[in-house]
Amino acid sequence: QSLPQQKLLTWLSVLECVEVFAEMGTARVWGEMGRWTIIVLIQLAKAIFRLLLLLWYKAGIQMSPPIVPLNREQQQPLHPQDTEDSSSGKDQTYVGRRSSRVVRSLQSTPSLQSRHWGSPQQREESQSRRAEEMNQPPTPLGLQETIAESLYITRPLLHLLSLGVWGQRSWKPWLLSAVLDITSLSLLSDLKDLNRRERAELRRRTILLLYYLLRSPFYDRYSEGRILLLLRLLADYVPGVGFVTRPLMDYLPAWQKIYFYNWG
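Because the structure is a prediction, the values reported are computed rather than measured. (Residues numbered from 1 in each chain as written. Predicted model: local features only at pLDDT ≥ 70, side-chain atom pairs only at ≥ 80, totals over all residues. Heavy atoms only, no water.)

### A look at the overall build of the protein
Summing up its helical and strand segments, the protein has nine helices and two strands in all. Scanning the protein from its N terminus toward the C terminus, one meets helices and strands in the order α-α-β-β-α-α-α-α-α-α-α. By the burial criterion, 34% of the 264 residues in the protein qualify as buried. By element, 61% of the accessible surface of the protein is carried by carbon and sulfur atoms, the whole surface being about 17200 Å². (Helix = DSSP H or I, 4+ residues; strand = E, 2+ residues; numbered from the N terminus. Buried < 20%, exposed > 50% of the residue type's maximum accessible area, 1.4 Å probe, protein only. Areas by Shrake-Rupley, 256 points an atom, 1.4 Å probe, with all protein chains shown as cover.)

Structure follows, in structure tokens:
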């Protein structure tokens, strides 16, 4: 990836990390008008960055999060003792005579902080497999797939625009957003030979369609009573589940009011 593309991905990650805090903080300081202003600005910036990645840098299907979180266990370098042992020619593994099981030799045991419980071969295989996945180029998108990804990227802006035109109680913004999401997924479903990360992203988007059950006005008119009733029944009749469902019942109304939790 080029340096400008890396910077775009970094800024996208920063925006996704601070968007809920920015919404709540602005609402606390400047009220409802300031809240919707910061929502529009953040969604506009995210859409511009994503469109640049899609159309200019040919980044393919946009991932979420834009930058893969660092797995520190897999990124640990070899222990200095391991390096010395390998350079001096000492065997780092021992193969059992009866079981044929491969274990680490005592001479190559790393410190407790950098120790892992698999065989060295397993560690090397997992590291090489992860490096392979990270280095796979994005799948090239044709015209149809580019339109589908553009619909997915611009859907938040169109939803905000429809909210401003028809209001928050109208069904039209909810329906428009649902149609755009389903259309985008339908157009992208024809893609073949996707890499592992892209397939995982499409699965994530499909699962996120369940959020429409929790989005107003559908939640206010249909889902709220049924979801709360189900959680209450689980809390009352299933032992131990109440520790999870009762706080969830208290949290749902607050969660449902935050735009970036619900629609972001």
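### As for the nonpolar core
Counting residues in each nonpolar core, the largest one holds 14 residues, and the members touching the most others are Trp-36, Ile-39, Leu-160, Tyr-259 and Phe-260. Those elements that provide at least two residues to this core are helix H1 (3-56), helix H4 (143-166), helix H5 (172-188) and helix H9 (259-262). In terms of residue count, the dominant contributor to this core is H1 (five residues). Setting aside residues up to four positions removed in sequence, Trp-36 forms contacts with Leu-160, Leu-163, Gln-168 and Tyr-259. (Core = buried A, V, L, I, M, F, W, Y, C linked by side-chain atoms within 4.5 Å. Contact = heavy atoms within 4.5 Å.)

### A short note on helix H8 (residues 242-257)
Over its 16 residues, H8 extends 24 Å from the first C-alpha to the last, a length consistent with the 22 Å expected when each residue adds 1.5 Å. Taken as a whole, H8 carries its principal kink of about 40° at Tyr-251; the proline Pro-253 stands between one and four residues after it. For H8, the set of buried residues is Gly-242, Thr-245, Met-249, Leu-252, Trp-255 and Gln-256. Against the buried residues of H8 lie helix H7 (218-237) and H9. (Expected span 1.5 Å × (residues − 1). Bend = angle between axes of the 7 residues up to and from the residue.)

### Considering the packing of aromatic side chains
Considering all chains together, one arrives at 10 aromatic pairs under this definition. Their ring planes at 80° and their centres at 5.7 Å tell us that Tyr-211 and Trp-255 sit as a pair that is edge-to-face. Within this pair, whereas Tyr-211 is found in the loop between helix H6 (196-207) and H7, its partner Trp-255 is found in helix H8, the two being separated by 44 residues in sequence. Judged by relative accessible area, Tyr-211 falls into the partly exposed class, the value being 28%. Arranged with centres 6.0 Å apart and planes meeting at 85°, the rings of Tyr-212 and Trp-263 form a pair that is edge-to-face. Of the two residues, Tyr-212 is situated in the loop between H6 and H7 and Trp-263 in the segment after H9; the sequence distance between them amounts to 51 residues. (Phe/Tyr/Trp six-rings, centres within 6.5 Å; stacked < 30°, edge-to-face > 60°.)

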